[in-house]
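The residues making up each chain are set out below.
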Amino acid sequence: MLNYKSLKEHVYEYISNQIRDEALKPGEKINENVICETLKISRTPVREALIQMANDGYIEQIPRRGFVVKSISLERVHNIYEILGALEALAATLSLSNWDEDSIDELADMAKQMDELIDKEDYTGYYQAQNEFHLFINKASNNSDLVDMIENLKRSFIRQAYSGNDPDEYKLALKKTNEEHYHIIDLIKAQDSDSLRKYMQEVHWNAKYASMEMLI
């Protein structure tokens, strides 16, 4: 039996997946009764999950209408990229003294897994693995406040399942992004603080990639 807290988290994840899979689209009202019936749970954890998602920026609460899926503009994603670039660059440089051979090997295994997921066109799996890769680096900074700040920013948008018109071009773009992950690992190995900070902020989190968030 799930405890009360995990019920709320379960609902949160369920709604996130509905948005990602485009079962719920921007501007669409979220039907609380349907979620309760589908998950066979009471209204309270559903309500609390929706309030949390609104606080995190995924959805919005509109008077007399309820909760609706929030659309995010390219300008806002661009702004978030600039902030994340600076914060993740800081986290990466703070992490440099905290790596050992086993940890670096684990990071490299994550990059290899991302290559495999791209080849299988498992883009949902790829983005989950990519988030784990970045979180692994961020946690190595040993700065929990910085990690929380980054994670809260990333919750501002949910990536939807890929539905673009050129899957080959998209796959190549993800391959290029994963090549950057390998380069980040090399810079960590080299303990090159200045190059790592610059690469994370100016290359890997370049705001030109913001448009990709609107495709998926």
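Everything that follows concerns the structure shown earlier in this document.
Each chain has its residues counted from 1, running along the sequence as written. Given that this is a predicted model, residues contribute local features only at a pLDDT of at least 70 and side-chain atom pairs are listed and counted only at 80 or more, while totals for whole chains, interfaces and linings are drawn from all residues. Calculation of side-chain values draws on the structure's entire complement of heavy atoms; hydrogens and water are dropped beforehand.

Colleague: Lay out the pattern of salt bridges with the relevant residues and their values.
Modeller: The rule for a salt bridge is simple: a side-chain nitrogen of Lys or Arg has to be within 4 Å of a carboxyl oxygen of Asp or Glu. As enumerated under the stated definition, the model contains 7 salt bridges in all. K154 is the salt-bridge partner of E88, the closest N and O atoms lying 2.8 Å from each other. On the criterion of sequence distance, the pair formed by E88 in helix 4 (residues 74-95) and K154 in helix 7 (residues 144-154) is long-range, its members being 66 residues apart. The buried label applies to any residue whose accessible area, calculated with a 1.4 Å probe on protein chains only, is under 20% of its type's maximum; exposed applies above 50%, and partly exposed to all values in between. Given the relative accessible area of 0%, E88 is considered buried. According to the relative accessible area criterion, K154 is buried, its value standing at 14%. Its salt-bridge partner being K171, residue E121 comes within 3.2 Å of it at the nearest N-O pair. Here E121 is found in the loop between helix 5 (101-119) and helix 6 (123-139), whereas its partner K171 is found in helix 8 (residues 167-190), with 50 residues between them in sequence. The exposure class assigned to E121 is partly exposed, which follows from its relative accessible area of 44%. Secondary structure counts use DSSP, requiring at least four H or I residues in a row for a helix and at least two E residues in a row for a strand, with both numbered from the N terminus.

Colleague: Provide a residue-level description of the side chain of N178, including the pertinent values.
Modeller: Relative to the assigned elements, N178 resides in helix 8. A residue is classified by how much of its surface remains accessible, and N178, at 0% relative accessible area, is buried. For N178, the side chain forms a polar contact with the side chain of H181, separated by 2.8 Å. Here, residues are in contact when the closest pair of their heavy atoms is within 4.5 Å. Contacts of N178, omitting those with residues within four sequence positions, involve A111, M114, D115, I118 and Y126. Pairs of N or O atoms within 3.5 Å make up the polar contacts considered here, provided that, within protein, one atom can donate a hydrogen while the other can accept it, and that residues adjacent in sequence are counted only when both atoms are side-chain atoms.

Colleague: Describe the side chain of H134, naming the residues involved and giving the relevant values.
Modeller: The topology assignment puts H134 in helix 6. Note on H134: relative accessible area 2%, which makes it buried. Not counting the four nearest positions on each side in its chain, H134 is found in contact with E88, K154, H181, M200, H204 and W205.

Colleague: Can you explain helix 6? Please cite residues and give values.
Modeller: To estimate the expected span of a helix, count its residues, drop one, and scale the result by 1.5 Å. Taking 1.5 Å of rise per residue, the 17 residues of helix 6 would be expected to cover 24 Å, and the 24 Å separating its terminal C-alpha atoms lies within 8% of that figure. Of all the positions in helix 6, only Y123, G125, Y126, Y127, A129, Q130, F133, H134, I137 and N138 are classed as buried.

Colleague: Before we move on, could you go through helix 9 (residues 193-204) and cite the residues and values that matter?
Modeller: One turn of an α-helix holds 3.6 residues; hence residues three or four places apart share an orientation. Buried within helix 9 are the following residues: L196, Y199, M200 and H204. Burial along helix 9 is one-sided: seen end-on, the buried residues are contained in an arc of 95°. Buried residues belonging to helix 9 abut helix 4, helix 6 and helix 8. The arc in question is formed by the directions pointing from the helix axis toward the C-beta atoms.

Colleague: So what about the nonpolar core? Which residues, and what values?
Modeller: Core analysis: the biggest nonpolar cluster contains 40 residues, and L107, I137, I188 and L196 have the highest contact counts within it. Listing elements by their share of this core, those giving two or more residues are helix 4, helix 5, helix 6, helix 7, helix 8 and helix 9. In contact with I188, not counting residues within four places along its chain, are L96, W99, I104, L107, I137 and L196. The next biggest cluster of nonpolar side chains, apart from the first, holds 19 residues, and it includes L24, L50, M53 and Y58. Only buried Ala, Val, Leu, Ile, Met, Phe, Trp, Tyr and Cys residues count toward a nonpolar core, and they belong to the same one when joined by side-chain atoms within 4.5 Å.

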